[in-house]
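# Chains, contacts and geometry: an overview
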Amino acid sequence: MMNKSGIVLFAKKPGPTSFTSLNSIKKALGTTKVGHTGTLDSFAQGLLVVCTGSLTRLAGNIIEFDKEYQAVFEFGKETDTLEYTGKITKETSLPDENTLKQAVEKFTGKIMQKPPVFSSIHIDGKRSSELARSGLEAEIPARPVCVYKAEIKELKKNDKNLVEYALINFSVSKGTYIRSLARDIGQACGSSANLIGLYRTRIGHFKIENAAGFNRLPDFTIQNAINEMENQKVLIKKAEEERTLKKERQKYVPDQAELDLQEDIRQKIYQVDKDTASLCGFEIINLLSDTGKSDFENGRPLRSKLFDKDLHTLPNNSITAVFTKDDDFAGLIDKDENGRVHYRFVKKDQN
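Residues numbered from 1 in each chain as written. Predicted model: local features only at pLDDT ≥ 70, side-chain atom pairs only at ≥ 80, totals over all residues. Heavy atoms only, no water.

### Notes on the overall build of the protein
We count it as follows: Numbering of helices and strands runs from the N terminus; a helix is a DSSP stretch of H or I covering at least four residues, while a strand is a stretch of E covering at least two. In this scheme, a residue with accessible area under 20% of its type's maximum is buried, one over 50% is exposed, and one in between is partly exposed, where area comes from a 1.4 Å probe on protein chains only. Here a residue-residue contact requires only that any non-hydrogen atoms of the pair lie within 4.5 Å.
When helices and strands are tallied, the protein shows 8 helices and 17 strands. Here the protein holds 351 residues, and the buried ones make up 48% of them. If you take every contact in the protein between residues at least 6 apart in sequence, the share linking residues at least 24 apart comes to 67%.

### Examining the nonpolar core
Short version of the rule: Definition of nonpolar core: a set of buried residues of the types Ala, Val, Leu, Ile, Met, Phe, Trp, Tyr and Cys, connected through side-chain atoms within 4.5 Å.
Phe73, Phe170, Ile178 and Ile185 are the most contacted members of the largest nonpolar core, which has 79 residues in total. At 7 residues, the largest contribution of residues to this core is made by strand S11 (residues 163–172). Ignoring sequence-local partners within four residues, the contact set of phenylalanine 170 consists of Lys67, Glu68, Tyr69, Ala71, Phe73, Val147, Lys149, Ala150, Ile178, Leu181 and Ile185. Counting 12 residues, the second-largest nonpolar core is a separate cluster that includes Leu302, Phe307, Leu311 and Ala330.

### What about helix H2 (residues 97–106)?
Counted only if it meets this: The arc in question is the one traced by the directions running from the helix axis out to the C-beta atoms. We define a polar contact as two N or O atoms separated by no more than 3.5 Å, with the added condition that, inside protein, one atom must be a possible hydrogen donor and the other a possible acceptor, whereas residues neighbouring each other in sequence contribute only through side-chain atom pairs.
Every buried residue belonging to H2 is among Leu100, Ala103 and Val104, and all of these are buried. Taken down its axis, H2 places every buried residue within 100° of arc, on the same side. Away from the buried face of H2 by more than 90 degrees, exposed residues Glu105 and Lys106 are located. Packing partners of the buried residues in H2 comprise strand S4 (67–75), strand S10 (143–157), S11 and helix H4 (178–188). The N-cap residue of H2 is aspartate 96: its side-chain oxygen and the backbone nitrogen of asparagine 98 are 3.2 Å apart.

### A closer look at the packing of aromatic side chains
Selection criterion: Geometry of aromatic contacts follows a simple scheme: Phe, Tyr and Trp rings, the Trp one being its six-membered ring, pair when their centres are within 6.5 Å, and the pair is stacked under 30 degrees between planes, edge-to-face over 60, tilted otherwise.
Across all of its chains, the model carries 7 aromatic pairs by this definition. Ring geometry for phenylalanine 323 versus phenylalanine 329: centroids 5.8 Å apart, planes at 65°, classification edge-to-face. An identical accessibility class is assigned to phenylalanine 323 and phenylalanine 329; each is buried. One aromatic cluster is present, built from ring pairs that chain together Phe323, Phe329 and Phe345.

### Focus: the pattern of salt bridges
Test applied: Salt bridges are identified by distance alone: a Lys or Arg side-chain nitrogen within 4 Å of an Asp or Glu carboxyl oxygen.
The full count for this structure, using the stated rule, is 17 salt bridges. Two residues, arginine 266 and glutamate 263, come together in a salt bridge whose shortest N-O distance is 3.1 Å. Taken together, the residues span about one helical turn, with arginine 266 and glutamate 263 both in helix H6 (residues 256–268) at a distance of 3 residues. For the salt bridge of lysine 325 with aspartate 290, the shortest nitrogen-to-oxygen distance reads 3.8 Å. In this pair, lysine 325 is assigned in the loop between strand S15 (318–323) and strand S16 (329–335) and aspartate 290 in helix H8 (residues 290–297), connecting sequence segments 35 residues apart. It is possible to trace a salt-bridge network through shared partners that takes in Glu97, Lys101 and Lys157.

Spatial relationships are all this shows, so hold off on functional conclusions.
So, in structure tokens, the structure goes:
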């Protein structure tokens with residue numbers, strides 16, 4: 001019987017939402033228990049790390065990894081959402097290449113970043129995006145993030161040699177918004193900018209090249225991002241018209257490409273073995289006996305004698321993957337900044 005519990009690396013195409021993209025995984029594995037570790041905007045493409053079956057509760061432990069992106073910025077326009085689907089709020093002149101390079105360097109390293117008002121951040125119990133759409137002001141304070149690397153890879157200029165579009169590679173810490181970088185870099189150029197294309201290539205140690213459906217992704221270039229933006233504008237308008245006409249929903253019939261994708265998912269699902277735990281950045285420890293496994297599964301006190309390592313030797317502020325004596329994944333424990341060890345996740349079933 002196919003194991004429905006695991007970690008799926010999924011290559012999301014531009015267009016569908018992250019939630020809709022999960023349908024292929026659900027159908028491939030025959031489960032409705034699917035949880036992603038961080039969404040991508042509908043126009044974005046790239047890596048989704050998805051936990052399935054009993055491991056959906058593991059998703060929150062992967063969401064905090066560093067990430068890498070490729071992004072295409074359009075200069076001369078800023079929108080309320082900071083990407084092309086929003087309403088234009090500012091139009092400015094274009095920057096030259098040298099000014100752009102200086103601005104990109106300015107936003108490398110540890111910076112204070114103000115998240116977009118159109119985001120999932122909660123303010124007084126409500127999402128900032130909900131407040132913004134209802135016309136209410138959503139003031140989000142700036143917070144520290146780190147841009148480890150920012151590298152300009154491609155430029156598209158006008159006939160006056162000014163930059164219209166830039167493709168920039170970013171390596172960033174958790175919580176960094178690429179849309180906010182577009183806004184801030186645009187302003188630092190004495191111009192404005194919005195995000196028109198985004199490609200997530202890495203989450204922690206997980207890479208897009210190993211994802212199911214990777215071969216379906218279009219090459220990520222400035223021109224392809226522009227083409228995709230224009231295509232999505234047409235599709236968005238068409239979807240709005242169809243909702244207005246209330247067309248009858250057609251029965252879903254997967255084509256051969258979708259069936260091939262589902263098979264790719266089944267072939268590439270990661271089980272949580274020690275290699276995967278290492279990819280997740282977890283420490284690793286083994287239970288010594290079946291009795292220890294029973295104690296762990298039933299939440300009994302965590303004692304060093306249950307394991308093949310002394311719990312005192314685990315680093316503070318760390319997460320440790322626990323395996324049985326037969327190397328089956330049993331769950332997670334964490335050690336806080338004060339050296340106290342706690343249960344974090346217990347896996348009691350194998351499917």
